[in-house]
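The primary structure of each chain is shown beneath.
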Amino acid sequence: MKIFEEIESEVQSYARVFPRVFTEARDEFLFDQDGKRYLDFLAGAGTLNYGHNNPILKEQLLDYIARDGITHGLDMHTQAKGEFLEAFNNTILKPRGMDYVVQFTGPTGTNAVEAAMKIARNVTGQQNIVTFTNGFHGVSLGSLAATGNAHHRDAAGIALNGVHRAPYDGYLGDDIDTTEYLDKLLSDSSSGINSPAGVIVETVQGEGGINVASLDWLRNLQRVCRKHGVLLIIDDIQAGCGRTGQFFSFEAAGIEPDIITLSKSLSGYGLPFAVVLMKPELDQWKPGEHNGTFRGNNLAFVTAKAAIEHYWANTQLSSEIERKGNYIAERLARIVDCFGEGQFTARGRGMFQGLNCVSGELSNAITQRAFKRGLVIETSGADDQVIKFLCPLTIGQASLEEGIDIVEQSIKEVCQATDTMLREPVYFDQAKTARA
Ligand SMILES: Cc1ncc(COP(=O)(O)O)c(C=O)c1O
């Protein structure tokens, strides 16, 4: 189809890596216009945790549309919104003892991040937000300031202010707890750091290359925040909604963020939807102060409610994520042992796993070969050096095995063809990421 080349902007990215016209999708499968089947380990970059056109969610959505349910309602009260809030409160928040107010923002992740940072700044009266190396929070200007990646930052065309960058867990090596450095900076009136309003962090950095913060590090970060009166914002847009095993990615650390952002898989169906959760005392908005035409995607309310009620009313999905996550981790550990001349490393939590191939050239060669074999899988990290395994949480075991088999076979072929790419020594992953 020539139309894409004729009039679609150069800004396209995934379309360049997976140059097919896709026509249908079901569960973990995508189909192109020639009827070729692809296994989808990209899953809308973390948006399709329950697969494409999930039949349980689809049935609810079709019923709702068929009876002329409200599609667009600004932020007015609708039955669909009320039912979503009931389900979210009863099935997600209350059982976890979480007391939060829900703010509906514009429907993308970056909208939620912008709102979260505004809340922190307005409530504390401080401007500075601490953000981490390799963090990704979106590409609108406020979120972009908090994002580390130079490729995205360079497109801003204006100074990106109001943040202070701190080293993420592991950035200075495995033995250094970087929260101690942050504590020192915030304790020292001559450190040159303005007192922050908040700290924004991902528990697992998705776009940054599947960098996993240890649970101890997250607890220490919360301790440092509390000590200095700084609000802790967990950006759970990619790691949340079950990706790491439980609904929220920070649950395993037993921490209690002041503010939480959610989007991506919240609707469960790929429909745009984002929220900010904040402690009730932080809800100091004046009516309409932060608005947006698409704050209430009622179709997303319907599918989000169905996803919550079907998948999160018991622990079955969490157990499945743990089992499949362990399987992926074991397979990646074996790949690390067998290939990459000792330089590949694997990392991840739950079904948020990555294989660091040291160079973007190598990881892209592998994912391109995998695509030819019928697997859609992307890379992440500063240099695209990490193959990112992000299949739907609901994937069948046979498909999971097939997808990893394809990656393994692709690695074998690429490594055989290009073993010279692996000669340069590497000391530890994040230092490499920092230099890239
Ligand atoms: C952790 C995190 N925050 C924010 C965003 C931005 O979300 P969106 O692309 O929907 O604006 C992303 C997107 O990948 C993300 O991974």
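This text follows the structure it describes.
A short tour of the structure in this document, coming up. Just so it is clear, the structure is predicted and the values come from calculations on it, not from any experiment.

### Observations regarding the packing of helix α9 (residues 178–187) against helix α10 (residues 215–228)
A pair of packed helices can be characterised by two numbers: the angle between their axes and the separation between those axes. Close contact between α9 and α10 brings their axes to 9 Å; oriented N to C, the two are set at 10 degrees. Here α10 runs roughly parallel to α9, going by the angle between their axes. When α9 is examined against α10, the residues T179, L182, D183 and L186 are found in contact with a partner set consisting of W217, N220, L221, V224 and H228. Tallied by class, the residues present in the contact of α9 with α10 amount to five nonpolar, three polar and one charged.

### Remarks on the sheet that holds strand β17 (residues 386–389)
Strand pairs in the sheet, formed through backbone hydrogen bonds, run parallel or antiparallel to each other. Strand order in this open sheet of four strands is β13-β14-β17-β16, and the pairing throughout is antiparallel. Single-partner strands in this sheet number two, and they are β13 (345–349) and β16 (378–380). Across the sheet, the mean angle from the axis of one strand to that of its neighbour is 30 degrees, orientation sign disregarded. Pairing of strand β14 (residues 352–356) with β17, which is carried by four bridges, proceeds in the antiparallel orientation. The residue of β17 that forms the bridge with L355 is I387.

### Quick notes on the packing of helix α4 (residues 55–66) against helix α11 (residues 298–311)
At their nearest, the axes of α4 and α11 sit 9 Å apart, and the two run at 145 degrees to each other. Our pair here, α4 against α11, has a crossing hand that is right-handed. Counting all contacts with α4, which are made through I56, L57, Q60, L61 and Y64, the residues of α11 involved are L299, V302, T303, A306, A307 and H310. Of the residues belonging to the contact of α4 with α11, the class tally is eight nonpolar, three polar and no charged.

Procedures and definitions
Residues numbered from 1 in each chain as written. Predicted model: local features only at pLDDT ≥ 70, side-chain atom pairs only at ≥ 80, totals over all residues. Axes fitted to C-alpha atoms, helices over the stretch in contact; angles between N-to-C directions. Helix = DSSP H or I, 4+ residues; strand = E, 2+ residues; numbered from the N terminus. Parallel < 35°, antiparallel > 145°, perpendicular 65-115°, else oblique. Contact = placed C-beta atoms within 7 Å. Nonpolar A, V, L, I, M, F, W, Y, C, P; charged D, E, K, R; others polar. Pairing = 2+ DSSP bridges. Left-handed = near helix turned anticlockwise from the far one by under 90°.

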